[in-house]
Amino acid sequence: MYLHQAGTFVSLIVLITMLPFYALAQQRASISGYVTESTTGETILGANVYLKETTLGSVTNNSGYYIISGIRPGNYTVVWSFIGYEDVQRDIEFEPGQSVRMDIQLTPGDTYLQELVVEADAFADERQSIGSAQVTTKLVKQVPAVLQADVFRSIQLLPGIKAASDFSSGLYIRGGSPDQTLILLDRTTVYNPTHFFGFFSTFNPDAIKDIRLYKGAYPAEYGGRLGSVVDIYNKDGNRNQMAGTLSMGLLSSRASIEGPYSKGSYMLAFRRSTLEPVLAVLRNQVDTVPDGFYFYDINGKLNFDADENNRVSIAFYSGVDDVKFPFGEDLRFNLNYGNRTLSSTWTRILSPRVFANFTVTGSNYFSTPRFEFGGTAFERSNTVNDYSIKSDFEWMPNSEHSVRTGIWAGNLALDLRDRFDGLETLNSNIRTSYAAIYIQDRWRPHTRWTVTAGLRGNYFTRGDYFRLDPRISVDYQVSSRLKLQSAYGRYHQFLTLITNEAFSGFDVWLTTADGVAPAWGDQFGLGLKYAPVRNYNVEVELYYRTMRGLFELDPRIPDAAGLDYADLFRFGTGYAYGLEVLLEKTTGRLNGFIGYTYGNTRRKFENYNNSNFYPPKYDRTHDMNVVMNYNLSRKWMLTSVFSYATGQAYTEPLGRTRIRDPFGTLPTDPLTVGRVNASRLPAYHRLDLSATYYSTFFGLGDSELQIQVINAYSRRNIWFYNFELDENPPGRTEVPLLPVIPSLSYTIYF
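Here is what the cut-offs are and how they apply
Residues numbered from 1 in each chain as written. Predicted model: local features only at pLDDT ≥ 70, side-chain atom pairs only at ≥ 80, totals over all residues. Heavy atoms only, no water. Helix = DSSP H or I, 4+ residues; strand = E, 2+ residues; numbered from the N terminus. Rg over C-alpha atoms; globule rule 2.2 N^0.38 Å. Buried < 20%, exposed > 50% of the residue type's maximum accessible area, 1.4 Å probe, protein only. Contact = heavy atoms within 4.5 Å. Areas by Shrake-Rupley, 256 points an atom, 1.4 Å probe, with all protein chains shown as cover. Lys, Arg positive; Asp, Glu negative; His and termini not counted. Charge placed at Lys NZ, Arg CZ, Asp CG, Glu CD. Pairing = 2+ DSSP bridges. Domains from an automatic or database assignment. Buried area = accessible area lost by both parts, 1.4 Å probe. Polar contact = N/O pair within 3.5 Å; in protein donor to acceptor, adjacent residues only side chain to side chain. Nonpolar A, V, L, I, M, F, W, Y, C, P; charged D, E, K, R; others polar. pLDDT = per-residue confidence, 0-100. Axes fitted to C-alpha atoms, helices over the stretch in contact; angles between N-to-C directions. Phe/Tyr/Trp six-rings, centres within 6.5 Å; stacked < 30°, edge-to-face > 60°. Core = buried A, V, L, I, M, F, W, Y, C linked by side-chain atoms within 4.5 Å. Patch = residues over 30% accessible without salt bridge, like charges linked within 9 Å, V, L, I, M, F, W, Y side chains within 5 Å. Salt bridge = Lys/Arg side-chain N within 4 Å of Asp/Glu carboxyl O.

(A) Examining the overall build of the protein chain more closely. A tally of regular secondary structure across the protein chain gives 4 helices and 48 strands. Expected size for 750 residues packed as a compact globule is a radius of gyration near 27 Å; at 27 Å, the protein chain falls within 12% of this value. Along the longest, intermediate and shortest principal axes, the C-alpha atoms of the protein chain span 100 × 65 × 50 Å. Within the span of the protein chain, comprising 750 residues, buried residues form 55% of the whole. Counted over contacts in the protein chain with a minimum sequence separation of 6, partners at least 24 positions apart contribute 64%. When the accessible surface of the protein chain is totalled, it reaches about 31,800 Å², and 58% of it is carbon and sulfur. Taking the 71 positively charged and 76 negatively charged side chains of the protein chain as two groups, their mean positions are separated by 3 Å.

In structure tokens form, the structure reads like this:
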């Protein structure tokens with residue numbers, strides 16, 4: 001009933017919105033088409049398109065398609081541009097009511113000494129919306145990373161995003177926990193995006209085309225999470241010629257191949273761990289080295305171009321981690337976990353002003369840990385299966401309005417089964433359906449003003465919850481180099497995650513139900529984007545967000561047997577606020593950025609910490625990253641990353657008080673602890689260095705040799721303290737993070 005009412009509501013809004021513009025649209029012209037790369041034929045997301053003599057412009061969407069409508073008849077120069085590519089200009093005469101289809105290819109420029117003119121940045125409304133960032137695969141591969149390039153660790157360098165430790169690739173964005181970030185791969189939800197127990201993410205940089213990040217106040221087309229969105233798209237595959245890569249590293253090796261066929265393109269990328277020789281050497285020296293460990297993942301995509309208005313794609317991902325670990329003579333631990341995703345998208349150009357996507361998705365997460373002690377086994381089977389359909393429409397009636405609407409519906413199954421010594425001790429089967437419908441209008445009432453307003457309706461059958469989320473953002477273009485921004489949004493979340501920062505293989509998802517209402521919160525943002533001179537950008541953002549109705553398993557429950565589902569949880573509130581500053585030099589021999597975050601986040605649960613607010617472990621007041629690239633020559637590039645952060649919060653055990661009980665035979669000595677997370681580890685800082693040598697591989701293709709040093713000055717950062725609670729006061733030993741780690745990789749492009 002709720003979904004039917006929401007659908008009727010959206011239909012009425014669309015109909016009312018369309019009528020005033022219909023007559024005007026008959027007199028104005030429009031231009032639309034795809035923007036692609038000349039070398040590969042890949043669509044370019046976020047490319048600028050504008051009419052030079054006017055304030056009319058657009059930006060390519062998530063399919064690389066653009067629409068500019070409301071063009072008065074006459075002669076204009078149309079410009080297509082994207083950072084790192086040469087501009088394309090065409091002189092076009094538009095006649096009344098004419099619809100021009102213009103597909104454009106952009107040629108990569110020489111970025112060695114290229115300068116960026118930010119003249120067209122005023123039109124990149126979506127790519128430069130408040131709280132958003134577009135991360136390039138070039139950045140992912142360039143910055144030094146522990147043993148291999150990683151998408152999430154590159155994202156962690158941006159302002160507002162914190163890393164829990166050297167051993168975790170989890171995203172803690174603007175005071176939110178990892179489950180408050182929606183992770184999408186080709187429009188499909190990924191429920192455990194990690195490899196190597198959370199050490200790095202599942203996304204192979206050789207397979208990725210585009211990474212879009214919304215740190216907060218994200219638009220109405222997304223939902224289901226309180227905090228943020230990471231939207232990742234795989235490559236379509238080279239439409240011009242067959243190409244590939246082969247990369248060998250200390251942790252893993254990668255291979256990919258892509259190319260055209262008669263009706264489209266394909267892409268296949270494979271990655272596997274190569275740690276086995278290292279483990280074999282260590283196994284003779286250290287007792288606690290795994291008996292066996294490997295991981296692999298494979299990405300694929302097949303595109304079928306039916307005609308210029310219809311494209312169909314099928315994309316898949318499969319990744320597995322498998323470990324066998326001895327803890328002693330009688331204790332063994334085995335774990336197999338991973339993700340699988342499958343999606344198919346039909347992209348349809350309904351008219352020169354209307355663009356549509358229809359997608360079917362499937363996502364599977366599984367985890368099967370097994371402990372065996374003295375012949376007694378504990379086994380768990382944990383799976384998440386999510387199947388959905390979604391459709392999105394984009395309509396541009398004129399130059400002032402761009403309307404988007406869509407629907408997303410699916411079924412979610414969460415199964416958790418435990419067995420102890422062959423007997424079943426837990427069998428939980430959660431089944432629920434969900435649906436969402438949204439409408440959003442980007443309105444330009446004036447050349448300097450852009451207002452994006454949206455409304456999203458969310459329905460979750462488990463608990464019968466329907467929630468409405470209004471969203472709005474306002475941009476004011478003070479000049480061609482200065483933009484002021486503001487945003488507000490309400491968000492709801494129907495899922496919660498039980499996880500461990502040090503080990504992500506046991507992740508368990510739970511949902512709302514009767515008596516367990518969805519969490520919700522409001523987000524507010526103010527921003528400034530300024531380009532003082534060529535090649536330099538300054539971004540400043542303030543944010544404040546609330547988190548209400550947070551629900552998580554109550555750790556104080558000793559035995560859950562016989563309890564109702566709602567009694568398993570504790571409920572709380574939270575808030576976060578902060579300041580983010582980004583200073584960026586985009587091109588030239590020396591380029592890079594400095595990102596700084598001042599942030600605070602707090603949580604409060606009833607009857608915990610005396611019902612007072614406390615900082616979660618990942619709260620860090622100050623966080624700074626400095627990323628620099630220097631093109632020493634056309635053969636050599638040097639890269640450095642310096643990171644600094646306030647130490648993590650922890651709870652300090654203070655000591656024991658000896659109490660004599662007159663009614664007992666032995667004295668008691670209860671442990672006294674300080675306030676929850678009131679203490680701090682020492683400040684964290686680290687310098688990583690990288691040198692990349694560009695050459696050729698015996699004339700068969702280009703090659704890159706990358707030499708890296710992680711933690712170059714051997715800073716002894718602390719992961720946590722291990723306390724000896726039998727001592728009074730408790731003694732402690734430091735458990736350190738990464739030492740100095742050299743790394744070497746070699747990549748061939750053919």
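There's plenty left to go through after this.
(B) Spatial organisation of the pairing of strand β30 (residues 465–479). Pairing geometry for strand β29 (residues 449–460) and β30, over 12 bridges, is antiparallel. Within β30, the position partnered with Thr452 by the bridge is Ser473. Hairpin connection from β29 to β30: 4 residues lie between these consecutive antiparallel strands, with Gly463 at a positive phi of about 100 degrees. In terms of strand pairing, β30 meets strand β31 (residues 482–493) through 8 bridges, oriented antiparallel. Within β31, the residue paired with Arg471 across the bridge is Gly489. In this antiparallel pair of consecutive strands, β30 and β31, the connection spans 2 residues.

(C) Spotlight on the domain arrangement of the protein chain. Domain parsing of the protein chain yields domain 1 (2–113) and domain 2 (132–749). Here the C-alpha centroids of domain 1 and domain 2 sit 32 Å apart. Listed by partner, the interface residues are 44 residues for domain 1 and 53 residues for domain 2. Each partner contributes to the roughly 4,200 Å² buried at the junction of domain 1 and domain 2, and carbon and sulfur atoms together form 57% of this total. The tally of links from domain 1 across to domain 2 stands at 18 residue pairs in polar contact (both at pLDDT 80 or more). Where the side of domain 1 that touches domain 2 is concerned, the elements lending two or more residues are α1 (2–27), β1 (29–37), β4 (65–71) and β7 (99–101). Ranked by residue count, the leading element in the side of domain 1 that touches domain 2 is α1, at 13 residues. In terms of residue class, the side of domain 1 that touches domain 2 is built from 19 nonpolar, 20 polar and 5 charged.

(D) Representation of the confidence of the model for the protein chain. Looking at the protein chain, pLDDT values average 89 and 91% of them are 70 or higher. When the criterion is pLDDT under 50, residues 9–25 qualifies, and its contacts beyond four places in sequence or with other chains add up to 16 contacts. Note that pLDDT drops below 50 for residues 111–126; the model gives that stretch 56 contacts with residues more than four away or on any other chain.

(E) Spotlight on the sheet that holds strand β9 (residues 132–135). One open sheet holds the 5 strands; their spatial order is β9-β16-β17-β12-β13, and the pairing between them is mixed. With one partner strand each, in any of the chains shown, β9 and β13 (188–189) form the two edges of the open sheet. Relative to strand β17 (residues 228–234), strand β12 (residues 181–185) is paired through 5 bridges, and the arrangement is parallel. Bridge pairing in β17 links Leu182 to Val229.

(F) Layout of unusual backbone geometry. Residues Asn728 and Pro729 are joined by a peptide bond in cis, for which omega reads 0 degrees. Relative to the assigned elements, Pro729 resides in the loop between β46 (718–724) and β47 (731–736). With a phi angle near 45 degrees, Arg174 is a residue other than glycine that sits in the positive phi range. Within the fold, Arg174 resides in the loop between β11 (172–173) and β12. The class for Arg174 is buried, based on a relative accessible area of 5%. Notably, Asp186 is not glycine yet its phi reads approximately 50 degrees, a positive angle. Relative to the helices and strands, Asp186 resides in the loop between β12 and β13.

(G) Examining the sheet that holds strand β6 (residues 88–94) more closely. The antiparallel open sheet is built from 4 strands, whose spatial order is β3-β2-β5-β6. Looking at the sheet topology across the chains shown, the edges are occupied by β3 (57–59) and β6. Pairs of neighbouring strands in the sheet enclose a mean axial angle of 20 degrees, with direction left out of account.

(H) View of the packing of aromatic side chains. Using the criterion set out here, one finds 37 aromatic pairs in the structure. Their ring planes at 35 degrees and their centres at 4.6 Å tell us that Tyr172 and Tyr618 sit as a pair that is tilted. Of this pair, Tyr172 sits in strand β11 while Tyr618 sits in the loop between β37 (590–605) and β38 (622–631), and the two are 446 residues apart along the sequence. Taken together, a centroid distance of 6.2 Å and an interplanar angle of 55 degrees make the contact between Phe293 and Phe295 tilted. Note on Phe293: relative accessible area 4%, which makes it buried. Since its relative accessible area comes to 0%, Phe295 is described here as buried.

(I) Region of the structure containing the nonpolar core. With 60 residues, the main nonpolar core has Phe196 and Phe293 as its most contacted residues. Apart from the residues within four sequence positions on either side, Phe293 is in contact with Phe196, Phe197, Ser273, Leu275, Glu276, Leu279, Asp321, Asp322 and Val323. Counting residues in each nonpolar core, the second largest holds 27 residues, with Leu158, Ile183, Phe203 and Ile232 among its members.

(J) Structural context of a nonpolar patch on the surface. Together, Met242, Ile257, Tyr261, Leu268, Leu302, Phe304, Val312, Ile314, Phe316, Leu342 and Trp346 line one region of the surface with nonpolar side chains, adding up to about 930 Å² of accessible area. When residues in the nonpolar patch are grouped by element, the largest group, 3 residues, is from strand β22 (residues 310–326).

(K) Main features of the environment of Tyr608. Mapped onto the elements, Tyr608 comes out in the loop between β37 and β38. A relative accessible area of 26% means that Tyr608 is categorised as partly exposed. Along the primary structure Tyr608 and Ser433 are separated by 175 residues, whereas in three dimensions their C-alpha atoms are 33 Å apart. Residue contacts for Tyr608: discarding those within four places in its chain leaves Arg556, Arg570, Tyr614 and Val676.

(L) Molecular detail of the environment of Leu590. Locating Leu590 in the fold gives a position in strand β37. Classification of Leu590 as partly exposed rests on a relative accessible area of 42%. Note: C-alpha distance between Leu590 and Tyr630 (40 residues apart in sequence) is 4.5 Å. Apart from the residues within four sequence positions on either side, Leu590 is in contact with Lys585, Met628, Asn629 and Tyr630.

(M) Just the pattern of salt bridges, in detail. All told, the structure shown has 36 salt bridges when counted by the stated rule. Residue Asp206 pairs with Arg254 through a salt bridge whose shortest N-O separation is 2.8 Å. One end of the pair, Asp206, is in the loop between β15 (200–201) and β16 (208–214); the other, Arg254, is in strand β19 (residues 252–261), with 48 residues separating them in the sequence. Judged by relative accessible area, which is 10%, Arg254 ranks as buried.

(N) Inspection of the environment of Pro144 at higher detail. As for its placement among the helices and strands, Pro144 is situated in the loop between α2 (137–142) and α3 (151–155). Judged by relative accessible area, Pro144 falls into the buried class, the value being 8%. Taking the C-alpha atoms as reference points, Pro144 and Leu687, separated by 543 residues in sequence, lie 9.6 Å from one another. Beyond its immediate sequence surroundings of up to four residues, Pro144 is in contact with Thr639, Val641, Asp688, Leu689, Ser690, Gln708 and Ile710.

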